[in-house]
Amino acid sequence: MNPLHVADYAAAAKATLAGDVLGYLDGGSGAEWTLRENTAAYQRIRLRPRVLVDVEAVDTAVDLLGSSLTAPLGVAPMAYHRLVHPDGELATVAAAGAAGALFVASMFASTDLVRMADAATGPLWMQLYWLRDRGALLDLVGRAERAGYRALVLTVDAPKVARRLRDLRSGFTLPAHVSAVNLTSELMAPSHVAQAGVSAIERHSRERFDPTITWADLAWLRERTRLPLVLKGILTSADAWLAVEHGVDAVVVSNHGGRQLDGVPATVDVLAEVVDAVAGALPVLVDGGVRRGTDVLKALALGAATVLVGRPVLWGLAHSGAAGAEHVLTLLREELEEAMALCGRPTTADVDRSVLG
Ligand SMILES: Cc1cc2nc3c(=O)[nH]c(=O)nc-3n(C[C@H](O)[C@H](O)[C@H](O)COP(=O)(O)O)c2cc1C
């Protein structure tokens, strides 16, 4: 089958990946209500086109924190790309570069961060969880800075990893050949220990993540890096205001792809609230449930500066390595281009809330 849209890649991944890996990739937390809601909410939003606009040339380009992107697309930080394909992050980084998209590397990438930087041809950001071991955290930040990463993305919705039933049922454990190579094996040891009825990933986070950090701790990190700081996992205007007050450089409206607190709204349903709260003080990105170019258009219309895409990139990677991951991003860009043309909005600057209705 020749994949024609993201759903074709999802189906291929479902048919080919091992059950425990598929469960880790596709699953969410709790009853997976938020997971389903992320995609369902996009489908509830309608578009209203303007006609008789010259749309021969459509330009999807945007600028984001000093980098230009061919389209407002990025790869969301996801752990362990080598779980689904031996080329892992080297393939997805190359794919993002070829598609003119941002790449956000996970703290738990299964590829050396310098090798990822060498394979990158576009902007590269590094995601962090706040570890109890601040020395290890800073060491990673320093290496990312030296390797040319352009921003740090601190994930703030995971003081601990939520219960994900699919992983608990499968007793999900990392295979020996896949590990978070940018952290020491001592730090990562719990994520490799199999135990019935326990997700190794969840147990690892409980032991290693620092659940005590608060807004006041951000200054500690800011004083130790010159990189812009992005907070990922903002869902309320109250936290968006605090992000502005604390000098954060950008926020990502995210519910971790429905993998953390189940029961929170779809990200696209709270995007406008966050955009309005920050009132242009900083760029607002969004992720979760983006599966079509029209979803990207809807997010842009609500004020998103860029959209991050998670699972679809790994479905593409699983299907055919770098080519599949790149095709997923290209499909989304081409679908966005088509949607912009059909809505009578030839540039991203023309896309505002009047597209919705
Ligand atoms: C397999 C997988 C691993 C993930 N790992 C991380 C991670 O290491 N750090 C992080 O901040 N978010 C992680 N996420 C969440 C994504 O960054 C993103 O928020 C989410 O996948 C977006 O939703 P989508 O998959 O519906 O596009 C992960 C998501 C998946 C599916």
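Look a little higher up for the structure.
To keep things clear, this report deals only with the structure shown in the data block. Being a predicted model, the structure only gives us computed values, none of them experimental. (Residues numbered from 1 in each chain as written. Predicted model: local features only at pLDDT ≥ 70, side-chain atom pairs only at ≥ 80, totals over all residues. Heavy atoms only, no water.)

**Section: the overall build of the protein**
Assigned secondary structure in the protein consists of 14 helices and ten strands. Taken over C-alpha atoms, the radius of gyration comes to 19 Å for the protein, in line with the 21 Å a tight globule of 357 residues would show. C-alpha extents for the protein along the principal axes are approximately 60 × 50 × 40 Å. Sequence-distant contacts in the protein: of pairs separated by 6 or more residues, those separated by 24 or more amount to 74%. In the protein, which carries 33 positive and 40 negative side-chain charges, the distance between the mean positions of the two groups comes to 5 Å. (Helix = DSSP H or I, 4+ residues; strand = E, 2+ residues; numbered from the N terminus. Rg over C-alpha atoms; globule rule 2.2 N^0.38 Å. Contact = heavy atoms within 4.5 Å. Lys, Arg positive; Asp, Glu negative; His and termini not counted. Charge placed at Lys NZ, Arg CZ, Asp CG, Glu CD.)

**Considerations on empty space enclosed by the protein**
A full pass over the atoms with the stated rule returns one cavity of 30 Å³ or more. What lines the largest cavity is a set of 38 residues, among which P77, M78, A79, H256 and R259 lie closest to the centre. Contributing elements (two or more residues each) for the lining of the largest cavity: helix 2 (19-26), helix 9 (200-208), strand 10 (306-309) and helix 14 (311-342). When its residues are assigned to classes, the lining of the largest cavity shows 20 nonpolar, twelve polar and six charged. (1 Å grid on protein atoms, 1.4 Å probe; cavity = no way out; pocket = protein on both sides within 12 Å on 5 of 7 lines; lining within 4 Å. Points joined across faces, edges and corners; volume = space filled by probe spheres on them. Nonpolar A, V, L, I, M, F, W, Y, C, P; charged D, E, K, R; others polar.)

**Topic: helix 1 (residues 6-16)**
Inspection of helix 1 places V6, D8, Y9, A10, A12 and A13 among the buried residues, and these make up the whole buried set. Its buried side turned inward, helix 1 meets helix 2 and helix 14. (Buried < 20%, exposed > 50% of the residue type's maximum accessible area, 1.4 Å probe, protein only.)

**Digging into the pattern of salt bridges**
Per the counting criterion, the structure on display carries eleven salt bridges. Among the salt bridges present, the one from R44 reaches E37, with a minimum N-O distance of 2.6 Å. Several salt bridges share partner residues, and in doing so they unite E37, R44 and D269 into one network. (Salt bridge = Lys/Arg side-chain N within 4 Å of Asp/Glu carboxyl O.)

**Quick word on the site of the ligand**
Lining the immediate environment of the ligand, one finds 22 residues, of which P77, S106, T155, D287 and R291 sit closest. Here A79 contributes a backbone N or O atom positioned 3.1 Å from a nitrogen atom of the ligand. One nitrogen or oxygen atom from the side chain of T155 is found 2.7 Å from an oxygen atom belonging to the ligand. Out of a free accessible area of 610 Å², the ligand has 98% covered by protein chains. Applying the majority rule of atoms within 2 Å of the grid points places the ligand in the largest cavity. Of the residues that constitute the shell around the ligand, the class distribution is eight nonpolar, nine polar and five charged. (Near = heavy atom within 4 Å. Polar contact = N/O pair within 3.5 Å; in protein donor to acceptor, adjacent residues only side chain to side chain. Areas by Shrake-Rupley, 256 points an atom, 1.4 Å probe, with all protein chains shown as cover. Sits in = over half its atoms within 2 Å of the grid points.)

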